[in-house]
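# Structural overview for review
One letter stands for each residue in the lines below.
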Amino acid sequence: MSRWAYVNGRFHPHGEAVVHVEDRGYQFADAVYEVWAVINGRLADFDGHMTRLGRSLDELRIEHPMSGASLLNVLRETVRRNRVRFGLCYIQISRGTARRDHPFPDPAVAPSVVITCKSLDRGAMETKAKKGVAVITQPDIRWGRCDIKTVGLLPNILAKQAAKERGAAEAWLVDDMGFVTEGSSTNAWIVDADGNLRTRDTQANILRGITRGNLLAVAKDAGVKVIEKPFTVEDAKQAREAFFTAASAFLTPVVSIDGTRIADGKPGPLTTRLRGLYFERAAELAV
Ligand code: PDD
């Protein structure tokens, strides 16, 4: 089936979609991105991701290339053309194309916009979630502004590759004090030894996950007590349950950390319950 990509105002066959060699996203990682889950052909929490995208652009002083309404139209058209019912939709916005020089182009140039979509195998994701996944830990070697969703993902990629090479699905990143910051592309959660649902606060150098924010609301509505407080790798190993969240993972149960089994090595009951509730909420919020 043919795939399509949107690049700077036009749809191109996926194999022919290109940006310029002097695009600043390519040369400097001077670009931000955002990811929406697609559920039943609709974009999950369009507004939440759109707001974060606007903030990422503002923090880096990259011009907004189009209005939220126009962007929604283009994203929907990309989903439609690619016939995605369940999957992911990505946007990358760079500062634009200009002769290579570190400072911002002067005069400013138009930002570059790339939008792509891909289908995911929902059945395979469900099977994985029923079994639970392994994570490993890696030192967090990223820059100090992980709240901005930039395409500068090299430390994340190295951590994820290390996980893959050790048969794990994710790497949890650990700061100098021994606390888990977040996953290489997910937020990290545990149900601690006292039964509290726990995830790191967003004052820390982490991405303010949209799934994280929605899950906090879902947990609150379900009467589950949540503490936004950092936890150590040891806390996680002693936890009753563990999981991670992202638009690309929803809520994925973790059953081992660095080879240590969590509780009985099966997805925990609260994790499983919250996964179901979260999915309902995400489908409701999709536009
Ligand atoms: N990653 N932390 C990091 C470092 C991430 O890259 C992501 C998302 C998250 C979860 O954020 P959200 O719930 O808004 O998806 C946390 C996306 C999915 C990616 O890079 O593909």
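Residues numbered from 1 in each chain as written. Predicted model: local features only at pLDDT ≥ 70, side-chain atom pairs only at ≥ 80, totals over all residues. Heavy atoms only, no water.

### Focus: the overall build of the protein chain
Threshold: Helix and strand assignments follow DSSP, with helices taken as H or I runs no shorter than four residues and strands as E runs no shorter than two, numbered in order from the N terminus. The size measure is the radius of gyration over C-alpha atoms, and the globule rule it meets is 2.2 Å times the number of residues to the 0.38 power. Residue exposure (1.4 Å probe, protein chains only): buried if accessible area is under 20% of the type maximum, exposed if over 50%, otherwise partly exposed. A contact between two residues is defined here by any heavy atoms of the two lying within 4.5 Å.
Regarding its fold elements, the protein chain presents eight helices and 15 strands. Here the protein chain has a C-alpha radius of gyration of 19 Å; the compact-globule value for 287 residues is 19 Å, and the two agree. Here the protein chain holds 287 residues, and the buried ones make up 51% of them. For the protein chain, restricting intrachain contacts to residue pairs at least 6 apart in sequence, the fraction spanning at least 24 positions comes to 71%.

### Focus: the pattern of salt bridges
Filter applied, for reference: A carboxyl oxygen of Asp or Glu within 4 Å of a side-chain nitrogen of Lys or Arg is what we treat as a salt bridge.
Scanning the model with the defined rule gives 18 salt bridges in all. Glu34 is the partner of Arg52 in a salt bridge, and the nearest nitrogen-oxygen pair spans 2.5 Å. With Arg52 in helix α2 (residues 46-60) and Glu34 in strand β3 (residues 31-39), the pair connects residues that are 18 residues apart, well separated along the chain. Each member of the pair, Arg52 as well as Glu34, carries the same accessibility label: buried. The partner of Asp192 in a salt bridge is Arg198, and the shortest N-O contact between them spans 3.2 Å. An identical accessibility class is assigned to Asp192 and Arg198; each is buried. Salt bridges sharing common partners tie together Arg55, Glu59, Arg145 and Asp147.

### Points about the environment of Pro107
Within the secondary structure layout, Pro107 lies in the loop between β5 (87-94) and β6 (112-119). For the pair Pro107 and Tyr278, spaced 171 residues apart in sequence, the C-alpha separation works out to 46 Å.

### Examining the nonpolar core
Put simply, the test is: Here, nonpolar core refers to any group of buried Ala, Val, Leu, Ile, Met, Phe, Trp, Tyr and Cys residues whose side-chain atoms link them within 4.5 Å.
Within the largest apolar cluster, 25 residues are counted, with the highest numbers of intra-cluster contacts made by Trp36, Leu43, Leu53, Cys89 and Ile115. If you list the elements that add at least two residues to this core, you get β3, α2, α3 (68-81), β5 and β6. If near-sequence neighbours (up to four positions away) are discounted, Leu43 is found in contact with Trp36, Ala37, Val38, Leu72, Leu75, Arg76, Val79, Cys89, Leu285, Ala286 and Val287. Grouped together as the second largest cluster of nonpolar side chains are 24 residues, Trp189, Leu251, Tyr278 and Phe279 included.

### Regarding the site of the ligand
Spelled out, the test is: Being near a molecule or strand, for a residue, comes down to having at least one heavy atom within 4 Å of it. By the criterion applied in these results, polar contacts are pairs of N or O atoms within 3.5 Å in which, for protein atoms, one can donate a hydrogen and the other can accept it, and in which residues neighboring in sequence qualify only through two side-chain atoms. These domain boundaries are the output of an automatic or database domain assignment.
Of all residues adjacent to the ligand, which total 21 residues, the nearest are Tyr33, Glu182, Ile210, Thr211 and Ala247. Interatomic distance of 3.3 Å between a side-chain N/O atom of Lys149 and a nitrogen atom of the ligand. The separation between an oxygen atom of the ligand and a polar side-chain atom of Thr211 is 2.6 Å. Every element with two or more residues in the shell around the ligand is listed here: β3, α2, β9 (180-183), α6 (210-221) and β13 (241-246). Counting residues domain by domain, the shell around the ligand receives three or more from each of domain 1 (4-120) and domain 2 (125-285).

### Description of helix α8 (residues 269-285)
How we decide: Multiply 1.5 Å by the residue count of a helix minus one, and that product is the helix's expected span. Read the arc as the range of directions from the helix axis to the C-beta atoms.
Look at α8: 24 Å from first C-alpha to last across 17 residues, which is about the 24 Å you get at 1.5 Å a residue. Among all positions of α8, only Leu270, Thr271, Leu274, Arg275, Tyr278, Phe279 and Ala282 are buried. Projected onto a plane normal to the axis of α8, the buried residues spread over an arc of 160° and lie on a single side. The exposed set on the far side of α8, more than 90 degrees from its buried face, consists of Pro269 and Glu284.

### Regarding the sheet that holds strand β4 (residues 42-43)
Let me state the cut-off plainly: The criterion for strand pairing is that DSSP finds at least two bridges linking the strands in question. Only the contacting stretch of a helix is used when fitting its axis, a line to C-alpha atoms as for every element, and angles between N-to-C directions run 0 to 180 degrees.
Spatially, six strands are ordered β2-β1-β6-β5-β3-β4 in an open sheet, and the strand pairing comes out antiparallel. Strand pairing shows two members of the sheet lacking a second neighbour, β2 (10-13) and β4, which therefore form its edges. In this sheet, β5 lies alongside β3 in antiparallel orientation, the contact comprising eight bridges. When the bridges of β5 are listed, Val32 appears paired with Ile93. Docked against the sheet, α2 engages β3, β4 and β5, running at close to 175° with respect to β3. Packed onto the sheet, α3 meets β1 (4-7), β2, β3, β4, β5 and β6 and runs at close to 40° relative to β6.

### Let's talk about α2
In an α-helix there are 3.6 residues to a turn, and that puts residues three or four apart on one side. With 15 residues, α2 should cover 21 Å at 1.5 Å per step; its first-to-last C-alpha distance of 21 Å lies within 8% of that length. Every buried residue belonging to α2 is among Phe46, Gly48, His49, Met50, Arg52, Leu53, Gly54, Ser56, Leu57 and Leu60, and all of these are buried. One or two steps after α2, the chain reaches Arg61, where phi turns positive at roughly 55°.

### Structural notes on the environment of Ile115
Examined against the element boundaries, Ile115 turns out to sit in strand β6. Residue classification places Ile115 among the buried positions, given a relative accessible area of 0%. Along the backbone, Ile115 and Phe250 are 135 residues apart, and their C-alpha atoms lie at a distance of 21 Å. Not counting chain neighbours up to four residues away, the residues in contact with Ile115 comprise Ala5, Tyr6, Leu71, Val74, Leu75, Thr78, Cys89, Tyr90 and Ile91.

### Thoughts on the packing of α6 against α8
Test applied: Each helix crossing is assigned a hand: it is left-handed if the near helix lies turned anticlockwise from the far helix by less than a right angle, otherwise right-handed if that turn is clockwise. Under the grouping applied here, Gly and all other residues not named as nonpolar or charged are polar, the nonpolar ones being Ala, Val, Leu, Ile, Met, Phe, Trp, Tyr, Cys and Pro and the charged ones Asp, Glu, Lys and Arg.
Two numbers describe how α6 lies on α8: the axes approach to 10 Å, and their chain directions differ by 115°. Considering the relative orientation of α6 and α8, their crossing is right-handed. The residues of α8 that touch α6, namely those facing Thr211, Asn214, Leu215, Ala217, Val218, Ala219 and Asp221, are Leu274, Leu277, Tyr278, Arg281 and Leu285. Its residues assigned to classes, the contact of α6 with α8 comprises eight nonpolar, two polar and two charged.

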